[in-house]
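Each chain, letter by letter, is given below.
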Amino acid sequence: MIDRKIALEILAFGITKEVLKARSIEIELNEPVNIAHLKEVLLQEYPELGDLNSLAIAVNSEYAEDDTQLSEHDEVALIPPVSGG
Amino acid sequence: MIRLTKENIDIHQLFEEVNSGSAGGVDIFVGTVRNATKGKEVIALEFEAYEKMAISELQKIVDTVISRWPVQKVAVIHAVGYKKVGEIAVAIAVACPHRNEAFEACRYIIDTLKETVPIWKKEIFHDGEVWVSAHP
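This one's a predicted model, so the numbers in the text were calculated from it and none came from an experiment.

Caption draft 1: Seen up close, the sheet that holds strand β10 (residues 128-131) of chain B. Residue and element names in this part refer to chain B. With respect to topology, four strands assemble into an open sheet ordered β7-β5-β9-β10, the strand pairing being antiparallel. Every interior strand has two partners, whereas the edge strands, β7 (81-84) and β10, have only one. Neighbour to neighbour, the strand axes of the sheet diverge by 25° on average, direction disregarded. Across four bridges, the pairing between strand β5 (residues 44-49) and β7 is antiparallel. Bridge assignment links A44 to a residue of β7, and that residue is K84.

See below:
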């Protein structure tokens, strides 16, 4: 079986923009990939993300669960603790 | 009406958005930039939003409010960008036939907004900046 890779663009907001030192990054992952895998990879690359009060991931503008599957053209965003209002 | 804006928020305009002859109670909540946090002087706040998702999450809140209370009109406007002490960060107006439901619906909107809507604020002090609630 050949591993198929997908490229994902990850948008970063608030403090995560400072942790990643970018508004967005691109990462390549072996399929199939879900939110839990993505979080693992991100935490390995950016351990400071683990220091946050919480870290949610949005896929196509909706909060995603750990088992949500990701595919190539999804818009993925890091959602650190929100503090509007 | 749901909107994010870099401009100054006009409360009177917000009121006009929701006011009508059939609403006997219009509740307006206004959140402003406070001059201190935990005893430390704040100069300004900087708001950032994931705009597309912020609008869709606000729409969900408004839909819930309309299904739970006899709401006639709702307007929510939230600031993005740099806001000085005393300026308006968020304003919500809810028009209902009677005051009780207007108060309850308005409170539900601001409370839920603070929990689910992807907007972030950074407090700007004389000696630095901190993203609010980011760390324990």
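Moving on, there is more to tell.
Caption draft 2: Inspection of the sheet that holds strand β1 (residues 2-5) of chain B at higher detail. Residues and elements named next belong to chain B. Spatial ordering of the open sheet is given by β1-β6-β8-β2, a layout of four strands whose pairing is mixed. The sheet is open, and its two borders are formed by β1 and β2 (25-32), each paired with just one other strand. When strand polarity is set aside, the average angle formed by the axes of neighbouring strands in this sheet is 10°. Pairing analysis gives eight bridges linking β2 to strand β8 (residues 88-96), with the strands arranged antiparallel. Across the sheet, residue F29 finds its bridge partner in β8, namely I92. Running at roughly 145° to β1, helix α2 (residues 51-68) makes contact with β1 and β6 (73-79) of the sheet.

Calculation criteria
Residues numbered from 1 in each chain as written. Chains lettered and ligands numbered in written order. Predicted model: local features only at pLDDT ≥ 70, side-chain atom pairs only at ≥ 80, totals over all residues. Pairing = 2+ DSSP bridges. Helix = DSSP H or I, 4+ residues; strand = E, 2+ residues; numbered from the N terminus. Axes fitted to C-alpha atoms, helices over the stretch in contact; angles between N-to-C directions. Contact = placed C-beta atoms within 7 Å.

What is shown is where atoms sit, not what they do.
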